[in-house]
Amino acid sequence: MAVKELVALEKCLGLNSGKYSSRAQGAGKIPVLQTNKGPSLVGLSTIASHLVKEAKKEELLGSTAEEKAIVQQWLEYRISYIDRASSKEDIRNVLNDLNHYLKDKVFVAGNTVTLADILIYYGLHPVITGLSVQEKETYINVSRWFSHIQNYPGIRQHLPSLVFIKNRIYASNH
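Let me begin by describing the structure that accompanies this report. (Residues numbered from 1 in each chain as written. Predicted model: local features only at pLDDT ≥ 70, side-chain atom pairs only at ≥ 80, totals over all residues. Heavy atoms only, no water.)

Focus on helix H1 (residues 2-13)
- Taking 1.5 Å of rise per residue, twelve residues should cover 16 Å, and H1 covers 16 Å from first to last C-alpha, within 8% of that figure.
- Within the sequence span of H1, burial applies to Ala-2, Glu-5, Leu-6, Ala-8, Leu-9, Glu-10 and Leu-13.
- Against the buried residues of H1 lie strand E1 (19-25), strand E2 (28-34), helix H2 (44-54), helix H3 (65-82) and helix H5 (115-129).
- Positive phi appears at Gly-14, one or two residues downstream of H1, with a value of about 80 degrees. (Helix = DSSP H or I, 4+ residues; strand = E, 2+ residues; numbered from the N terminus. Expected span 1.5 Å × (residues − 1). Buried < 20%, exposed > 50% of the residue type's maximum accessible area, 1.4 Å probe, protein only. Contact = heavy atoms within 4.5 Å.)

Focus: the sheet that holds E2
- Read across the open sheet, the three strands follow the order E1-E2-E3; overall the sheet is antiparallel. The outermost strands of the open sheet, each flanked by one partner alone, are E1 and strand E3 (41-42).
- As judged from the seven bridges shared by E1 and E2, these two strands associate in the antiparallel manner. The residue of E2 that forms the bridge with Ala-24 is Lys-29.
- Contacting E1 and E2, H1 crosses the sheet at an angle of about 150 degrees to E1.
- Of the strands in this sheet, E1, E2 and E3 touch H2, which is tilted by about 30 degrees from E2. (Pairing = 2+ DSSP bridges. Axes fitted to C-alpha atoms, helices over the stretch in contact; angles between N-to-C directions.)

A look at the packing of aromatic side chains
- Inspection of every chain in the model, using the stated rule, returns seven aromatic pairs.
- Taking 6.3 Å as the distance between ring centres and 90 degrees as the angle between the ring planes, the aromatic pair formed by Phe-107 and Tyr-152 counts as edge-to-face. Of this pair, Phe-107 sits in the loop between helix H4 (88-101) and H5 while Tyr-152 sits in the segment after helix H7 (140-150), and the two are 45 residues apart along the sequence.
- In textbook terms, an aromatic cluster arises when at least three aromatic residues are bridged by ring pairs, as seen for Trp-74, Tyr-77, Tyr-81 and Tyr-101. (Phe/Tyr/Trp six-rings, centres within 6.5 Å; stacked < 30°, edge-to-face > 60°.)

Brief notes about H4
- Helix length check: H4, at 14 residues, gives a terminal C-alpha distance of 20 Å against a target of 20 Å (1.5 Å per residue), a fit within 8%.
- What H4 keeps buried is the set Val-94, Leu-95, Leu-98, Asn-99 and Tyr-101. Buried residues of H4, seen end-on, are gathered within an arc of 165 degrees and therefore sit on one face of the element.
- Where H4 is buried, its residues touch H3, H5, helix H6 (133-138) and H7. (Arc of directions from axis to C-beta.)

Observations concerning the nonpolar core
- Leu-51, Trp-74, Leu-115, Leu-124, Ile-128 and Trp-145 are the most contacted members of the largest nonpolar core, which has 50 residues in total.
- Only H1, H2, H3, H4, H5 and H7 provide two or more residues apiece to this core.
- With nine residues, the top contributor of residues to this core is H5. (Core = buried A, V, L, I, M, F, W, Y, C linked by side-chain atoms within 4.5 Å.)

Concerning the side chain of Gln-150
- Residue position: Gln-150 is located in helix H7.
- Within polar-contact distance, the side chain of Gln-150 engages the backbone oxygen of Leu-162 at 2.8 Å.
- Those residues in contact with Gln-150 that sit more than four places away from it in its chain are Tyr-121, Arg-156, Pro-160, Ser-161, Leu-162 and Phe-164. (Polar contact = N/O pair within 3.5 Å; in protein donor to acceptor, adjacent residues only side chain to side chain.)

Quick notes on the pattern of salt bridges
- The final tally for this structure, using the stated rule, is three salt bridges.
- For Arg-78, the salt bridge is made with Glu-5, and the minimal N-O distance between the two is 2.8 Å. Taken together, the residues Arg-78 in helix H3 and Glu-5 in helix H1 connect sequence positions 73 residues apart. As far as burial versus exposure is concerned, Arg-78 and Glu-5 are alike and both buried.
- The closest approach of N and O atoms between Arg-78 and Asp-83, which form a salt bridge, is 2.5 Å. (Salt bridge = Lys/Arg side-chain N within 4 Å of Asp/Glu carboxyl O.)

If you want it as structure tokens, here you go:
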């Protein structure tokens, strides 16, 4: 899954596709990028940060020291919690954490989209796809954020657009 996300990130950043492989680590696989300039880069966060710098779009890593730290914090969260969620309870905990955090925020870090928003969006897409409309309403802040990010230019690409608002039928009193 991570390799597909990195290829999508490359397209979003306007880069040519790199040479990826996967390496087994524990129960999962981690992406590996072979660069032309030196040793292989290993891991989703490391490769994604490299791609952002290569595309000269460092603003995606945060514009202040605090934003940069928040972006890194959420990239770690993505890898440590979202990627390792293996039960419904784990997923519920992730969605609750994110829902609470996004209560007063439009983006994960700062006032514009960052790498954290993009990679969390990619990581949560399969989870959000599986939620009912009622479950999406339970995590209203996550749903608002997710809907906003999926409509941000260049991010969604090949992924299906998800619906968050059910159409209500109102009785006419005319």
